[in-house]
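Chain by chain, the residues run as shown.
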Amino acid sequence: MDALEQIAARFAALAPACDYWTLRLVEESSEHLEVRQGVVEPSALGESLGAMFTVVAGGGVGYGATSDLSAAGLRAAAAAALGWAAAHAELGLFAGTIYPRSALRADYRSPVAEPWDSIGLADKLALLQDANTALAIDERIVDWSAWLAWRRVRQLLLTSDGGRIDQLWEYVSPGLAAVANAGSQTQHRHGGGADWSQQGGLERITAVGLLADAPRVAAEAIALLEAPECPSDTRDLILTPSQMVLQIHESIGHPLELDRILGDERNYAGTSFVTAQMFGTYRYGSDLLNVTFDPGVPSELVSGAADDDGTATRREFLIRNGLLERPLGGRLSQARSGLGGTANARACAWDRPPIDRMANVNLEPGQGSLNDLIARVERGVLMDTNRSWSIDDSRNKFQFGCEWGRLIEDGTLKGLVRNPGYRGLSADFWRSLDGVGGADTREVRGVQNCGKGEPNQAVYVGHATPPGLFRNVDVFGGGE
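Every value quoted in this text rests on a predicted model; they were computed, and no experiment measured them.

1. Topic: the sheet that holds strand β10 (residues 291-293)
Backbone-to-backbone hydrogen bonds pair the strands of a sheet. The strands run either parallel or antiparallel.
Line of reasoning, step 1. Taken in spatial order, the 4 strands line up as β12-β11-β10-β15 in an open sheet, and their pairing is antiparallel. A strand with exactly one partner marks an edge of an open sheet, and here the two such strands are β12 (323-324) and β15 (361-363).
Line of reasoning, step 2. Pairing geometry for β10 and strand β11 (residues 316-320), over 3 bridges, is antiparallel. Along β11, the bridge assignment pairs Phe 293 with Glu 316.

2. Focus: the UniProt feature "domain: Metalloprotease TldD/E C-terminal" (unreviewed entry) in the chain
Line of reasoning, step 1. Listed under "domain: Metalloprotease TldD/E C-terminal" (unreviewed entry) in the UniProt record, and renumbered for this structure, are residues 236-475.
Line of reasoning, step 2. When the span residues 236-475 is considered, its composition is 15% helix and 38% strand, and the gap between its end C-alpha atoms is 9 Å.

3. A few points about the pattern of salt bridges
Pairing is possible between side chains of opposite charge, provided their charged atoms come close.
Line of reasoning, step 1. Enumeration according to the criterion identifies 36 salt bridges in this entry.
Line of reasoning, step 2. Here Arg 140 ties to Glu 226 by a salt bridge, and the two come within 3.8 Å at their closest N and O atoms. Taken as a pair, Arg 140 in the loop between α3 (121-135) and β6 (141-159) and Glu 226 in helix α5 (residues 214-226) lie far apart in primary sequence, 86 residues in all.
Line of reasoning, step 3. Note on Arg 140: relative accessible area 29%, which makes it partly exposed.
Line of reasoning, step 4. Between Arg 315 and Asp 294 there is a salt bridge; the shortest N-O distance is 3.3 Å. Taken together, the residues Arg 315 in the loop between β10 and β11 and Asp 294 in the loop between β10 and β11 connect sequence positions 21 residues apart.
Line of reasoning, step 5. Looking at Arg 315, the relative accessible area reads 42%, which means it is partly exposed.
Line of reasoning, step 6. Members of the salt-bridge network, linked through shared partners, are Arg 189, Asp 213, Arg 216, Glu 220, Asp 384 and Glu 403.

4. Observations concerning the pairing of β11
Line of reasoning, step 1. The buried count for β11 comes to 4 of 5 residues, which makes it a mostly enclosed element.
Line of reasoning, step 2. Hairpin connection, β11 to β12: the antiparallel pair is bridged by 2 residues, and Asn 321 has positive phi, about 50°.

5. A word on the layout of surface pockets
Line of reasoning, step 1. Volume-wise, the largest pocket comes out at about 1,000 Å³.
Line of reasoning, step 2. Residue lining of the largest pocket: 32 residues in total, with Tyr 63, Phe 94, Asp 264, Pro 353 and Ile 355 positioned closest to the centre.
Line of reasoning, step 3. If you list the elements that add at least two residues to the lining of the largest pocket, you get β4 (60-66), α2 (71-91), α8 (331-337) and β14 (355-356).
Line of reasoning, step 4. Considering each element in turn, the lining of the largest pocket owes the most residues, 4 residues, to α2.
Line of reasoning, step 5. Partitioned by chemical class, the residues of the lining of the largest pocket number 14 nonpolar, 9 polar and 9 charged.
Line of reasoning, step 6. In this structure, the second largest pocket encloses a volume near 630 Å³.
Line of reasoning, step 7. Considering the residues around the second largest pocket, the lining is formed by 23 residues, among which Leu 246, Asn 386, Trp 389, Val 447 and Asn 449 are closest to the centre.
Line of reasoning, step 8. Among the elements of the structure, β8 (185-191), α6 (241-253), β16 (379-391) and β21 (443-452) are those that each provide at least two residues to the lining of the second largest pocket.
Line of reasoning, step 9. Looking at which element gives the most residues to the lining of the second largest pocket, the answer is β21, with 6 residues.
Line of reasoning, step 10. Residue classes in the lining of the second largest pocket are distributed as 6 nonpolar, 12 polar and 5 charged.

6. As for the environment of Lys 397
Line of reasoning, step 1. With respect to the element layout, Lys 397 can be found in strand β17 (residues 397-409).
Line of reasoning, step 2. Distance from Lys 397 to Phe 273, taken between C-alpha atoms, is 9.7 Å for residues 124 residues apart in sequence.
Line of reasoning, step 3. For Lys 397, the contacting residues outside a window of four places in its chain are Ser 390, Ile 391, Asp 392, Gly 424 and Leu 425.

Quick notes on the rules
Residues numbered from 1 in each chain as written. Predicted model: local features only at pLDDT ≥ 70, side-chain atom pairs only at ≥ 80, totals over all residues. Heavy atoms only, no water. Pairing = 2+ DSSP bridges. Helix = DSSP H or I, 4+ residues; strand = E, 2+ residues; numbered from the N terminus. UniProt positions renumbered as here; feature names shortened; annotations may be inferred. Salt bridge = Lys/Arg side-chain N within 4 Å of Asp/Glu carboxyl O. Buried < 20%, exposed > 50% of the residue type's maximum accessible area, 1.4 Å probe, protein only. 1 Å grid on protein atoms, 1.4 Å probe; cavity = no way out; pocket = protein on both sides within 12 Å on 5 of 7 lines; lining within 4 Å. Points joined across faces, edges and corners; volume = space filled by probe spheres on them. Nonpolar A, V, L, I, M, F, W, Y, C, P; charged D, E, K, R; others polar. Contact = heavy atoms within 4.5 Å.

And the structure:
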């Protein structure tokens, strides 16, 4: 019997009498290694183990979290949860009786071919040193670094209805960064998997080409120093998957989160321009816009068996042929709103309750290659890799900056431009979608720093996407 099983058995002997309870045990380990300018940076090691007890009692819902996993500690967390349930029964915005119950029994394990411990620390640092050497190709490279991050999360969710969900996620995230400078001009370039995270083990190093990508990253940072500014006018725009990720995240994922639509997040993360009345009728984008909630894509960041309320995950269309179908909301938000939703009640750790989060939100493929999209553009810009973002609190009006831009003229990729950016309104932008790359162009990526909730919860979010072609977009150069 492992540590989580022992804690679960200890809790079973002291679980309080109530209408319903869940016990969520989370054990997390992490390590971050980095070499910057040939110097090994201090490594970061993380270990965390704790329990979140949720109780439904007397018409209210309460939570109690603890890292004291003795019988006395678990008993105290249960007592705290019962106290909060009594307060919620008196003051809460909804009846605790609608809290979702689960009897699901399921398991999930990340696919890992090469475990993190299969090579030693010295070999990992030697690899990062080699990557540093490959980045330092010119005196104009003034800063450079390579890193390897590992994270392992085991979660055991038990319920008083007999539910038992045991999930283990594991991630290895490599990355490269190069900063080039000449006079007043400074340019950044990232690669080697820096924005290409997936579940898995050390095989991710080869998959993203950590070492092989270093010369390209450095050369492109230098090339940007000499490039002209991106023009400022109205042009067609092609976004590669590395930038499509954030476009989907900010202007589709966040606006469709049901707790934002209900107003729960207005004081911190913000609201949404989407209203409950829009589902089923609102045209969110062109006919080419098909967006799914998909927990079944192998190795995508949030693929798994169930959410943190114990709801089994399954693929759902959020937007089909441009029409808005379904919000991103767990069963509690679904019950409060009367809308459908998805299995996406998620917590960042054992000391936070689950809230509505994106999980894997993906753009379904269209047809053709990236070159096919470029061939359809008479006058445009291709942009790659996010550099900056700004979007209003209803996730409608946005402005993004990218690291890398190429002009497109008469269907051909032309010269490099620096500081490319674009702006727009969410729905108008997606209605201008006029091309989506085929299945062969889709890349499984995501973000590792999505923040939301009070207190804040930072979680991983997956986005699989092909490149996209948008017509008549307001593009601009960033200037010096």
